[in-house]
Amino acid sequence: MAEDAARGQSYDPTSFNIVSAELINHAGESRDIKNLVSEFLIRESLVLPTLILDVTIGDAVNFFESFALIGQESLILEIEKFPIIVEEPQTITVEFFISEYPEYIRSETNANQQAYTLRGISPYAYNSKFQRISRAYTGSAMSEIVRIINNDLFWTQLTVNGADATSHRGIINYQEPLAAIEYFRRMAHDENGAPFYFWQTIDGTARLSSLSSLINDSSNPVYNTYVYLNGFISTPYTELDYIERAVRIRNLSSKLGISKLKQSTTGGYASKIKKLDLSTKTYTEELFNFDDSSGAGPRNTDLAGEKNSVLLSTSFKIGRNNDNSINTLPDVHREYLSKNDLAYGDYGIKNYTTQLIDGIARMNSFYSKMDTMSHTIELCGDFQLKAGRKIKLLFPKSMEAETYRNFNEDDFEPEHLDLLMSGVYLITGVNHTFKINEQTNEYLCSIECKKDSVFSEM
């Protein structure tokens, strides 16, 4: 049996139930359209300030016309999972404003059937397009982002992690609130020089966190461990079978961005900041060297030991006469920035560009290494798989046992892990896909996860 008949609990980790899909039209009328929904996708990402929803509607009752859909609708989804391993159902409720109808099709075999896609975004992202703000500000970039979310976009579901090391004064140019949030986010950094991200997760919560807080084990512990294996050993339709399937990587595609050349050209290990101060008519240069203590940033315990866990080896020499390590060649990446240190008199108050100049080298270094190891994996659906969480992936060595014994006889263990691929990864994006089938519903998560080094934890 796939479900516990007594309580509705499921032995299938991909199962889910649409409790309701309430569509509200321009006149304030509402309809539960869960029986018209054939599938829907909710996208979240560290680089998206809002959730994005795509809902496919199969319409054989002329709902589009009868309910007067004119492009001014909202949709409230309530979704439920009730795994056999928990005592109470797990539910999420999230609201979207419909922003467009990107696809429409009529059946080629049945003139009475039509299908169309509704695309929705968060209410605060929708409202942002209809507003413009411009005002003076004083303080940290993070505090101004919080003020915009709460006071201009009227959104209270916001969590903040990480301390902003910036403090400056300036004027928000005439622009929409989300554009202003991105303006401040690009400049904000913590004491490690790590950048901030602003995004929304499937529970509807907007999140503002520094990369340091996302990496840190205390503020962001590993959520779960997932294994890339074939075959199952547990008895079907048992709790152990549920757990075994829930932690199994169903599909995998990987991108190894292990390129010190590419990372160097974007400022990963050395850079030169050319600064023009308009107030004093002076020109200066600042060099960034990753090997300095201020350049490394927060790191976690390595997985393979000191030999392989370094982010950068200074033994590899290039340049003239091959006597330079890549962190001592700053011309590989340059930034040209102007500032005005006397914009507010000789009071030590910094403006936006001065703060950006102070942090851009280290932020570039963080950004450049984020694609070192990237995987897109498919897992059974889970509301707790969110962008910004950490997960651990375990991969066996891609080598037959006998071959490995001959290759490295002193270190033979049949279950030995592939230390290149295994490790702790940061989830940078999730596609939550919900499909409604005749027999059972299916909820899967396509996870984009990354780490910034080889042979080490994120």
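Residues numbered from 1 in each chain as written. Predicted model: local features only at pLDDT ≥ 70, side-chain atom pairs only at ≥ 80, totals over all residues. Heavy atoms only, no water.

S.K.: Now, about the pairing of strand E3 (residues 17-24): what can you tell me, with residues and values included?
M.R.: Where E3 and strand E7 (residues 74-81) come together, seven bridges link them in antiparallel fashion. In the sheet register, Asn 17 faces E7, and the bridge partner there is Glu 80. Summarising the sheet, E3 and strand E4 (residues 30-32) pair through three bridges and their orientation is antiparallel. The partner of Ile 24 across the bridge, within E4, is Ser 30. Taken together, E3 and the strand that follows it, E4, pair antiparallel across an intervening segment of five residues, in which Gly 28 is found at a positive phi of about 85°. (Pairing = 2+ DSSP bridges. Helix = DSSP H or I, 4+ residues; strand = E, 2+ residues; numbered from the N terminus.)

S.K.: An account of the packing of helix H3 (residues 141-152) against helix H4 (residues 177-187) is requested, with residue identities and associated values reported.
M.R.: For any two helices packed against each other, the geometry is given by the interaxial angle and the distance between the axes. Contact geometry for H3 and H4: axes closest at 9 Å, N-to-C directions at 165°. As summarised for this structure, H3 and H4 are arranged roughly antiparallel, according to the angle between their axes. Between H3 and H4 the crossing geometry is left-handed. Where H3 abuts H4, its residues Ala 141, Glu 144, Ile 145, Ile 148, Ile 149 and Asp 152 lie against Pro 177, Ala 180, Ile 181, Phe 184, Arg 185 and Met 187. Grouping the amino acids of the contact of H3 with H4 by side-chain chemistry returns nine nonpolar, no polar and three charged. (Axes fitted to C-alpha atoms, helices over the stretch in contact; angles between N-to-C directions. Parallel < 35°, antiparallel > 145°, perpendicular 65-115°, else oblique. Left-handed = near helix turned anticlockwise from the far one by under 90°. Contact = heavy atoms within 4.5 Å. Nonpolar A, V, L, I, M, F, W, Y, C, P; charged D, E, K, R; others polar.)

S.K.: Report on the sheet that holds strand E18 (residues 282-289), specifying residues and quantitative values.
M.R.: Taken in spatial order, the three strands line up as E18-E17-E19 in an open sheet, and their pairing is mixed. Every other strand in the sheet has two partners, leaving E18 and strand E19 (334-339) as the edge strands with one partner each. Put simply, the sheet's adjacent strands are angled 20° from each other on average, direction ignored. In this fold helix H9 (residues 352-368) packs onto strand E17 (270-277), E18 and E19, with an angle of close to 165° to the strand it touches most, E19.

S.K.: Pulling in residues and values, what's your account of a nonpolar patch on the surface?
M.R.: A grouping of Ile 85, Leu 240 and Ile 243 is seen on the molecular surface, where their side chains present a nonpolar patch of about 280 Å² in accessible area. Its place among the elements puts Ile 243 in helix H6 (residues 239-246). Relative accessible area serves as the criterion here: at 41%, Ile 243 is assigned to the partly exposed category. (Patch = residues over 30% accessible without salt bridge, like charges linked within 9 Å, V, L, I, M, F, W, Y side chains within 5 Å. Areas by Shrake-Rupley, 256 points an atom, 1.4 Å probe, with all protein chains shown as cover. Salt bridge = Lys/Arg side-chain N within 4 Å of Asp/Glu carboxyl O. Buried < 20%, exposed > 50% of the residue type's maximum accessible area, 1.4 Å probe, protein only.)

S.K.: Please provide a residue-by-residue account of the pattern of salt bridges, values included.
M.R.: Taken as a whole and assessed by the stated rule, the structure comprises 22 salt bridges. Between Asp 54 and Arg 119 there is a salt bridge; the shortest N-O distance is 2.7 Å. Remark: Arg 119 occurs in strand E9 (residues 114-121) and Asp 54 occurs in strand E6 (residues 52-59); sequence separation between them is 65 residues. Connected via shared salt-bridge partners are Arg 43, Asp 54, Glu 100 and Arg 119.

S.K.: Talk me through the sheet that holds strand E14 (residues 206-210); I want residue IDs and the actual numbers.
M.R.: Taken in spatial order, the three strands of this open sheet run E11-E14-E13, and their pairing is mixed. Across the chains shown, the open sheet's two edge strands, defined by having one partner strand only, are strand E11 (158-161) and strand E13 (196-200). Within the sheet, the average angular offset between the axes of one strand and its neighbour, ignoring direction, is 10°. Where E11 and E14 come together, four bridges link them in parallel fashion. Each bridged residue has a counterpart across the sheet, and for Thr 159 the counterpart in E14 is Arg 207.

S.K.: Explain the nonpolar core residue by residue, including any values.
M.R.: In this structure, Ile 33, Phe 40, Leu 75, Leu 77, Leu 393, Phe 434 and Ile 447 are the most contacted members of the largest nonpolar core, which totals 46 residues. With near-sequence residues (within four places) excluded, Leu 75 lies in contact with Ala 21, Glu 22, Leu 23, Ile 33, Leu 53, Val 55, Val 94, Glu 95, Phe 96 and Ile 98. Among the nonpolar cores identified, the runner-up in size contains 28 residues, and Leu 153, Leu 158, Ile 181 and Phe 184 belong to it. (Core = buried A, V, L, I, M, F, W, Y, C linked by side-chain atoms within 4.5 Å.)

S.K.: Go over the confidence of the model for the protein with me, naming the residues and quoting the values.
M.R.: Chain-level pLDDT for the protein is 88 on average; 90% of the residues reach the 70-or-more range. No element of the protein has a lower mean pLDDT than helix H8 (residues 293-296), which averages 50, and none a higher one than helix H2 (residues 123-128), which averages 98. Here residues 295-307 scores under 50 on pLDDT; set against residues more than four positions off or in separate chains, the count is 34 contacts. (pLDDT = per-residue confidence, 0-100.)

S.K.: Any chance you could break down the packing of aromatic side chains for me, citing the residues and the numbers?
M.R.: Evaluated as defined, the whole model comprises 20 aromatic pairs. Pairing Phe 40 with Phe 434 gives two aromatic rings, centres 4.5 Å apart and planes at 10°, and the pair type is stacked. With a gap of 394 residues between them, Phe 40 in strand E5 (residues 37-45) and Phe 434 in strand E22 (residues 423-436) connect regions that are remote in the sequence. Neither residue differs from the other here; Phe 40 and Phe 434 are each classed as buried. Taken together through their ring pairs, the aromatic side chains of Phe 16, Phe 40, Phe 383, Phe 434 and Tyr 443 make up a single cluster. Of note, Arg 245 hangs over the ring of Phe 232, and the distance from its end group to the ring centre comes to 4.3 Å. One Lys or Arg, Lys 369, reaches over the ring of Tyr 269 and ends 5.4 Å from the middle of that ring. (Phe/Tyr/Trp six-rings, centres within 6.5 Å; stacked < 30°, edge-to-face > 60°. Lys NZ or Arg CZ within 6 Å of the ring centre and 35° of its normal.)

S.K.: Explain the side chain of Lys 451 to me, using residue names and the numbers behind them.
M.R.: Counting through the fold element by element, Lys 451 comes out in strand E23 (residues 441-451). Residue Lys 451 is classed as buried on the basis of its relative accessible area, which comes to 0%. In terms of polar contacts, Lys 451 uses its side chain to reach the backbone carbonyl oxygen of Ser 422, at 3.1 Å. (Polar contact = N/O pair within 3.5 Å; in protein donor to acceptor, adjacent residues only side chain to side chain.)

S.K.: I'd like a rundown of the side chain of Arg 362, residues and numbers included.
M.R.: As for its position among the elements, Arg 362 is in helix H9. It is Asp 190 that comes nearest to the buried, bridge-free Arg 362 among opposite-charge side chains, at 6.6 Å. One polar contact links the side chain of Arg 362 to the main-chain carbonyl oxygen of Glu 191, over a distance of 3.4 Å. (Lys, Arg positive; Asp, Glu negative; His and termini not counted.)

S.K.: Explain H9 to me, using residue names and the numbers behind them.
M.R.: Between the first and last C-alpha of H9 there are 23 Å, a value that for 17 residues agrees with the 24 Å anticipated at 1.5 Å per step. The largest bend in H9 amounts to roughly 45° and is located at Ile 360. Across the 17 residues that make up H9, a large majority, 14, are buried. (Expected span 1.5 Å × (residues − 1). Bend = angle between axes of the 7 residues up to and from the residue.)

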